[in-house]
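Observations on the three-dimensional arrangement
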Amino acid sequence: MNDNKITMRKSKFKGIFNEVKKEWQLYVLLLPIVIWFALFAYKPLLGIVVAFKRYDSSLGIFGSEFRGLSNFQSILFGVQREYFWQAFRNTFVISTYGLLFGFPIPIILALLFSEIRSEGFRKITQTITYLPHFLSEVTITGIVITLVYSGESSTGIIADVLYKLNIVPIGTKIIQSPNYFRPMYIITGIWKESGYDSIVYFAAIMGISPVMYEALKVDGGNKWQEIRYVTIPGMAPTLIIMIIMRIGKMLSVGYERVLLLYSPNVYSTADVLSTFEQRLGIESSDFSLGAAVGIFNSVIGFALVIGANAISRQASKTSLW
């Protein structure tokens, strides 16, 4: 029995070796990517150990005192618990709003693009909507701040419109008001990424067979029925994959955008896990607590991905689309 297992294992390794030998050029081309991931993606994972230690830079990671789960207890139930749960709540709320309002917009854009018959006009509109994605976060946030700025000598265009429509009380400094940070952050993200994200959905729509639309027209279907019974089911695999990826990133709120838009005045609604981690690890030089926050964020994100994947499988089995 053991001899058979050893023989099968040798045959398996021999088959792999022969395959690599046969296609060695491809594996040579793959080698730089493997080295890059090993050095810059997997080697830094050793830093996870910091979360379980009282890190001392003079002693190094492995020479520092081991503390077990005390760093996690400190952020969850100890001195830092108030600020941690505030950051966790803000991260979850901003991500949820971003998912509810930001996820459908690229799909709607893709549907609108697919209805434009003039190819030249479609390319122009797509280019206009794609453009913000290629601008840096500094540029985008700078434009947003200029538009909503409320000062003594000048007022941004959007702020002025909001004042005149009585949506925002006159004289309110939108940038420094906690109540307006989340809408400003989410709208900025929608403006920046919706056009670019619509590429995936537009490609999925273009991949649907025209025969399906023609068959529905023969049956007397209208435009809304085309979208409901042909377009959306045809996009379902893409939608499921994108929603899983989006849910997996729910606790990964854009660090740069938050950092550029917020100030201590709006910490109550703007401070998220990534900025809280940065303040603990870098500004306060408490690398152990910062690493613990990062691990907690990653574990919750992993759990969300597993949950979303399970839901999507169930949705596929029950044919909800």
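First things first, this report covers the structure right here in the doc. (Residues numbered from 1 in each chain as written. Predicted model: local features only at pLDDT ≥ 70, side-chain atom pairs only at ≥ 80, totals over all residues. Heavy atoms only, no water.)

1. Let's talk about the layout of surface pockets
By volume, the largest pocket amounts to about 760 Å³. Along its surface, the largest pocket is lined by 26 residues, and Glu193, Asp197, Arg246, Lys249 and Ser252 are the ones closest to its centre. Those elements giving two or more residues to the lining of the largest pocket turn out to be helix H4 (81–102), helix H9 (178–206), helix H11 (223–248) and helix H12 (255–261). Among the elements that take part in the lining of the largest pocket, H9 stands out by supplying eight residues, more than any other. Along the lines of polarity and charge, the residues of the lining of the largest pocket split into twelve nonpolar, seven polar and seven charged. (1 Å grid on protein atoms, 1.4 Å probe; cavity = no way out; pocket = protein on both sides within 12 Å on 5 of 7 lines; lining within 4 Å. Points joined across faces, edges and corners; volume = space filled by probe spheres on them. Helix = DSSP H or I, 4+ residues; strand = E, 2+ residues; numbered from the N terminus. Nonpolar A, V, L, I, M, F, W, Y, C, P; charged D, E, K, R; others polar.)

2. Describing the packing of H9 against H11
For the pair H9 and H11, interaxial distance at closest approach is 9 Å and the crossing angle is 145 degrees. The two elements H9 and H11 cross, and the hand of that crossing is right-handed. Residues Val200, Tyr201, Ala204 and Ile205 of H9 form the contact with H11, whose participating residues are Thr231, Met235, Thr238, Leu239 and Met242. Here the contact of H9 with H11 is built from residues that sort into seven nonpolar, two polar and no charged. (Axes fitted to C-alpha atoms, helices over the stretch in contact; angles between N-to-C directions. Left-handed = near helix turned anticlockwise from the far one by under 90°. Contact = heavy atoms within 4.5 Å.)

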